[in-house]
Amino acid sequence: MDWLVFVPIFILGTILGSLLNVLIYRIPEGLSIFFPRSFCPNCRNTIPFYRNIPVLTYIFQVGKRNCCDGNIPVQYPIVELISGVIWGWSFSNFHLQEALFLSLLISLLLVIAWIDYQQMIIPLNMILASGLLVIIAMGFKILPLQESIIGSLVGPISFGGVLGLTYLVSKRQGMGTGDIQLSAVLGGWQGSINIILIFFIASILSLLSWFSISLFMGFDKDRALPFAPFLVLSSITIFLLEFYFRVNFLTFIIK
Ligand SMILES: [Zn+2]
């Protein structure tokens, strides 16, 4: 990895990460993304730019707010760091167009996963934005057109099928329509075989988490877990496996 590329893009990524925090906070509240400037969610005072430096503000202020009592949620530096790694890693491993596509897409997926984790909703505007990005990537031949289209159909068809079946059997809904919309985006990104693998791994992860949470907090058969974080985590895992081990699950299975 080229550190001369990684470090400056990582820093840029942490700055974009603070924008992702703004999206995570403002979208579920129905607030405008662009206006007003950064403010404290607690006391509503504007945060001056020198107290709004990604990751560093959190470290220098030891996690404390400066405008009022209370702590800065640890979500802020974590999202900024993840965003920094996403941008730095993409630009040190891919050409400009691909790197830009990957960084933007994974950033949007991070926002979707985080909002679902906090609020149990998947905002439609984030799905549309990430879907549009996948379509643009098809247009620029960053993604293989035919496989992407098939993937974006296989995703919702298989997810919808499983959702329908679970409902018929148990009269419960394990997933929401947001998860099905997200499967179209992930399928378009990764193709038909991968989206099924992603679904499979995400289901196992979510089941394991459900049991671990139940062990600590007591069993509650009505406890629902958000599914998008597991879907996003699984797609990134599959993507990294393909990248680092040069496996291609599509050709692997066809052979
Ligand atoms: Zn405040």
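Residues numbered from 1 in each chain as written. Predicted model: local features only at pLDDT ≥ 70, side-chain atom pairs only at ≥ 80, totals over all residues. Heavy atoms only, no water.

For the zinc ion, every protein donor is listed as Cys40 (SG), Cys43 (SG), Cys67 (SG) and Cys68 (SG), and the spread of their distances is 2.3 Å. Here the zinc ion is ringed by 4 donor atoms whose angles at the metal span 103 to 117 degrees, and the overall shape comes out tetrahedral. Considered as a linear motif, the donors of the zinc ion on their single chain read C-x2-C-x23-C-C. Assessed through its relative accessible area of 1%, Cys40 is described here as buried. Residue classification places Cys43 among the partly exposed residues on the basis of a relative accessible area of 26%. (Donors = N, O, S within 2.8 Å, 3.2 Å for Na, K, Ca; no water. Tetrahedral: all angles 85-135°; square planar, octahedral: opposite > 155°, others 65-115°. Buried < 20%, exposed > 50% of the residue type's maximum accessible area, 1.4 Å probe, protein only.)

Moving on: the layout of surface pockets. Empty space within the largest pocket amounts to approximately 1000 Å³. Listed by contribution, the elements that provide at least two residues to the lining of the largest pocket are helix H1 (3–29), helix H2 (56–60), helix H3 (75–93), helix H4 (96–119) and helix H5 (124–139). Of the residues forming the lining of the largest pocket, the biggest block, 10 residues, is contributed by H1. Here the lining of the largest pocket gathers at least three residues from each of two domains, domain 1 (1–93) and domain 2 (121–255). (1 Å grid on protein atoms, 1.4 Å probe; cavity = no way out; pocket = protein on both sides within 12 Å on 5 of 7 lines; lining within 4 Å. Points joined across faces, edges and corners; volume = space filled by probe spheres on them. Helix = DSSP H or I, 4+ residues; strand = E, 2+ residues; numbered from the N terminus. Domains from an automatic or database assignment.)

A few words on unusual backbone geometry. Following Phe35, the chain continues into Pro36 via a peptide bond in cis, with omega recorded as -5 degrees. A positive phi is found at Arg44, a non-glycine position, where the angle reads about 70 degrees. Checked against the element boundaries, Arg44 lands in the loop between H1 and H2. The phi dihedral of Val55 is positive, around 60 degrees, even though this residue is not glycine. Relative to the helices and strands, Val55 resides in the loop between H1 and H2.

Okay, the domain arrangement of the protein chain next. By convention, interface size is frequently given as the accessible area that disappears when the constituent parts associate. Looking at the assigned domains, one finds that the protein chain contains domain 1 (1–93) and domain 2 (121–255). Taken together, the contact between domain 1 and domain 2 spans 5 residues of the former and 8 residues of the latter. Across the domain 1/domain 2 interface, buried area totals approximately 480 Å², and carbon plus sulfur atoms make up 81% of it. When residues of domain 1 are sorted by the area they lose upon contact with domain 2, Ile27, Trp89 and Asn93 head the list and together hold 79% of the total. The interface formed by domain 1 and domain 2 contains 0 salt bridges. For the pair domain 1 and domain 2, the interface holds 1 residue pair in polar contact (both at pLDDT 80 or more). Every element with two or more residues in the side of domain 1 that touches domain 2 is listed here: H1 and H3. (Contact = heavy atoms within 4.5 Å. Buried area = accessible area lost by both parts, 1.4 Å probe. Salt bridge = Lys/Arg side-chain N within 4 Å of Asp/Glu carboxyl O. Polar contact = N/O pair within 3.5 Å; in protein donor to acceptor, adjacent residues only side chain to side chain.)

Looking now at the nonpolar core. Core analysis: the largest hydrophobic core is formed by 54 residues, its most contacted members being Phe101, Leu182 and Trp189. Of all the secondary structure elements, the ones that give two or more residues to this core are H1, H3, H4, H5, helix H6 (145–170), helix H7 (177–190), helix H8 (192–217) and helix H9 (228–245). No other element matches the 13 residues that H4 contributes to this core. Dropping the residues within four chain positions of it, Phe101 is found in contact with Leu133, Val134, Ala137, Ile142, Leu143 and Trp189. (Core = buried A, V, L, I, M, F, W, Y, C linked by side-chain atoms within 4.5 Å.)

With 26 residues, H6 should cover 38 Å at 1.5 Å per step; its first-to-last C-alpha distance of 38 Å lies within 8% of that length. Of all the positions in H6, only Glu147, Ser148, Gly151, Gly155, Phe159 and Leu163 are classed as buried. Looking one or two places after H6, you find Lys171, whose phi comes out positive at around 60 degrees. (Expected span 1.5 Å × (residues − 1).)

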